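# Topology and contacts: notes
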Amino acid sequence: MHKVWRPLLWEGHQVARWTVEQRMRALGLHVARRGKKIRTMVPESGHQRAANLVKRDFTETGSNAV
């Protein structure tokens, strides 16, 4: 969308970014997205979460103390 909107501004057209977005949507135009999202954490089915063996207690007993 910026590749359409910014050149219009540089050419001297006073147009809002939202207007360009609406016109593109009305014409069925979509922005090109580069690359593919990479999923780094994919949970496997059938596995259980590890138990909380540390049993950390983060309750506050007073100011500036944990």
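Structure's up top.
Residues numbered from 1 in each chain as written. Predicted model: local features only at pLDDT ≥ 70, side-chain atom pairs only at ≥ 80, totals over all residues. Heavy atoms only, no water.

## Topic: the overall build of the protein chain
For the protein chain, the count of helices and strands is two helices and zero strands. At 25 Å, the protein chain has a C-alpha radius of gyration far larger than the 11 Å of a compact globule built from 66 residues. A principal-axis box enclosing the C-alpha atoms of the protein chain has dimensions of 65 × 40 × 20 Å. For the protein chain, the proportion of its 66 residues judged to be buried stands at 6%. Accessible surface for the protein chain amounts to roughly 7,300 Å². Of this, 53% is attributable to carbon and sulfur atoms. With 13 positive and 5 negative side-chain charges, the protein chain shows a spacing of 10 Å between the two charge centroids. (Helix = DSSP H or I, 4+ residues; strand = E, 2+ residues; numbered from the N terminus. Rg over C-alpha atoms; globule rule 2.2 N^0.38 Å. Buried < 20%, exposed > 50% of the residue type's maximum accessible area, 1.4 Å probe, protein only. Areas by Shrake-Rupley, 256 points an atom, 1.4 Å probe, with all protein chains shown as cover. Lys, Arg positive; Asp, Glu negative; His and termini not counted. Charge placed at Lys NZ, Arg CZ, Asp CG, Glu CD.)

## Thoughts on the environment of H13
Its location among the elements puts H13 in the loop between α1 (2-10) and α2 (17-27). H13 sits in the partly exposed class, given a relative accessible area of 40%. Once the C-alpha coordinates of H13 and M24 are considered, the two residues, 11 residues apart in sequence, prove to be 16 Å apart.

## Quick notes on the packing of α1 against α2
Each pair of packed helices gets described by two things: the angle between the helix axes and the distance between those axes. Where α1 contacts α2, the axes come no closer than 10 Å and their chain directions differ by 130°. One way to sum up the angle between α1 and α2 is to call them oblique. Both α1 and α2 take part in a crossing whose hand is right-handed. Taken together, the residues of α2 that come into contact with α1 (itself represented by H2, V4, W5 and L8) are R17, V20 and M24. Here the contact of α1 with α2 is built from residues that sort into five nonpolar, one polar and one charged. (Axes fitted to C-alpha atoms, helices over the stretch in contact; angles between N-to-C directions. Parallel < 35°, antiparallel > 145°, perpendicular 65-115°, else oblique. Left-handed = near helix turned anticlockwise from the far one by under 90°. Contact = heavy atoms within 4.5 Å. Nonpolar A, V, L, I, M, F, W, Y, C, P; charged D, E, K, R; others polar.)

## Focus on the pattern of salt bridges
Any two side chains of opposite charge can pair if their charged atoms end up close together. Taken as a whole and judged by the stated rule, the model has one salt bridge. In this structure, E21 and R25 form a salt bridge, with 2.9 Å as the shortest nitrogen-oxygen distance. Residue E21 and its partner R25 are located together in helix α2, separated by four residues, close to a single helical turn. For E21, a relative accessible area of 29% puts it in the partly exposed group. (Salt bridge = Lys/Arg side-chain N within 4 Å of Asp/Glu carboxyl O.)

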